[in-house]
Every structure is written in C-alpha cells, then in structure tokens.
Amino acid sequence: MTSIAVCPGSFDPVTLGHLDIISRGASVFDKVIVAVLHNRNKQPMFTVEERVSLLCEATKDLENVEVDSFNGLLIDYVKEKKANAIIRGLRAVSDFEYEMQAASINKKLGPEIETFFMMTNNHYSYLSSSIVKEVAKYNADVSDIVPNVVAEALKKKFK
Ligand code: PNS
C-alpha cells in the first residue's frame, strides 16, 4: 500500500520549521501533500496562491512532495486524496492541547486516518509564521529562519 500523508496548515508564510517537518515527513511516507487552508476567519498576509507558490519553490527539491490548497474540513480533503495519514509538527507544550483536540475530532470523523506528530527541530522550536511576520515588518533579517524565496517575498511586502 502506498503511504500518503497530508501536511496541512496556514503556511502564512512557510518557515524553516515547517520545511523541517515536511522534509522529515517525506523521508518516511511515499508521498506528502502539503495542503494550504483557505481560512476565511484569519486575515492572511499572503494569498493562498502566493502561499502555494512559495511552498512549491521551497519544496522543489523534494521529489515526493506536492503542494495543494483545500477548503472545508481537513478530514474530507484527506479522504478525497486517498491519503492515510496527517502530519503535524509540535513545538512546545502550548501546541499540545489544540493538536490533541484536532487529532481527536479528526479520528472521530475518519477513524481510518492516523495523525502523526513530529517534534520540531530544536533550532526552530520558537518559530512561527506570526513571529516571522512581526520581525520582518521591522526589517529584521529573517534569512536563516525562512526559505530564501520567502525572505524575498517578505521584503517586497514591507517595501
Ligand atoms: O497552520 P495552522 O493554522 O496551525 O493549521 C491549522 C489547520 C489548517 C490544520 C486546521 O485549522 C484545520 O485542519 N482546518 C480545517 C478545518 C477542520 O478540519 N477543522 C477540524 C479539525 S481542527
């Protein structure tokens, strides 16, 4: 059986912490689909199209990684893609409560789908898209915490 995992998120924008989880996932699963949520509740900095494009560029060397976007429930998307797993990164204890709730409801809605958690690399455990946007706004150098293509895109946004 081919193992296909969906790695969902807002990715506004993708950071090196995300990329670490995606690449480690890609070394375990046959295929990883990175899925960007069309989230109408949040006011994103980058459009879905921009986020997908940044992810495509950042993952271009990972042969078994695809980038896509989705609307609605994650579990419905996972089933539609005939995937068998969801991958999420865990940074700190504070991530745990939300992730446990999400994994539990996803298990209820799709008992055949497993959620796998990976501890984020210690180098990136403090990192989030929000922190990146916050410091990039004040022209801080973010070149060692986001892919180059994202650093360039942030520069353009704040020019
Ligand atoms: O990067 P994020 O914002 O932490 O990702 C959250 C995401 C996209 C995984 C989560 O919000 C999600 O799965 N949304 C889709 C709606 C859904 O399925 N909700 C039930 C499970 S929380």
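The sections below set out a description of the structure shown in this document. Nothing here was measured: the structure is a model prediction, and the numbers come from that model.

Time to look at the pattern of salt bridges. With the rule as written, the count across this model stands at eleven salt bridges. Of the charged contacts, one joins Arg91 and Asp95 as a salt bridge, the two residues approaching to 3.1 Å between their closest N and O atoms. Judged by its relative accessible area of 34%, Arg91 falls in the partly exposed class. Among the residues examined, Asp95 registers a relative accessible area of 14% and is labelled buried. Of the charged contacts, one joins Glu114 and Lys107 as a salt bridge, the two residues approaching to 2.9 Å between their closest N and O atoms. Taking the relative accessible area as the measure of exposure, Lys107 reaches 31% and is therefore partly exposed.

Our focus in this paragraph is the site of the ligand. Around the ligand, 13 residues are found, and the nearest of them are Ser10, Lys42, Leu74, Arg88 and Tyr98. Between the ligand and Leu74 there is a distance of 2.8 Å, counted from an oxygen atom to a backbone nitrogen or oxygen. A distance of 3.3 Å separates an oxygen atom of the ligand from a polar side-chain atom of Tyr98. Contact with the protein chains removes 74% of the 530 Å² of surface that the ligand exposes when unbound.

The rules behind the values
Position numbers for residues start from 1 in each chain and track the written sequence from start to end. Owing to the predicted nature of the model, reporting of local features is limited to residues with pLDDT of at least 70; listing and counting of side-chain atom pairs is limited to 80 or more, with chain, interface and lining totals taken over all residues. Note: side-chain values were computed over all heavy atoms of the structure, leaving out hydrogens and water. Any Lys or Arg side-chain nitrogen found within 4 Å of a carboxyl oxygen on Asp or Glu counts as a salt bridge. Residue burial is assigned from relative accessible area. The probe radius is 1.4 Å, only protein chains are included, and a residue is buried under 20% of its type maximum, exposed over 50%, and partly exposed in between. In these notes, residues near a molecule or strand are those with any non-hydrogen atom within 4 Å of it. Here a polar contact is recorded for every N or O atom pair within 3.5 Å, except that within protein the pair must consist of a potential hydrogen donor and a potential acceptor, and residues adjacent in sequence are included only if both atoms are side-chain atoms. Computed by Shrake-Rupley with a 1.4 Å probe, the accessible areas treat only the displayed protein chains as cover when residues are assessed.

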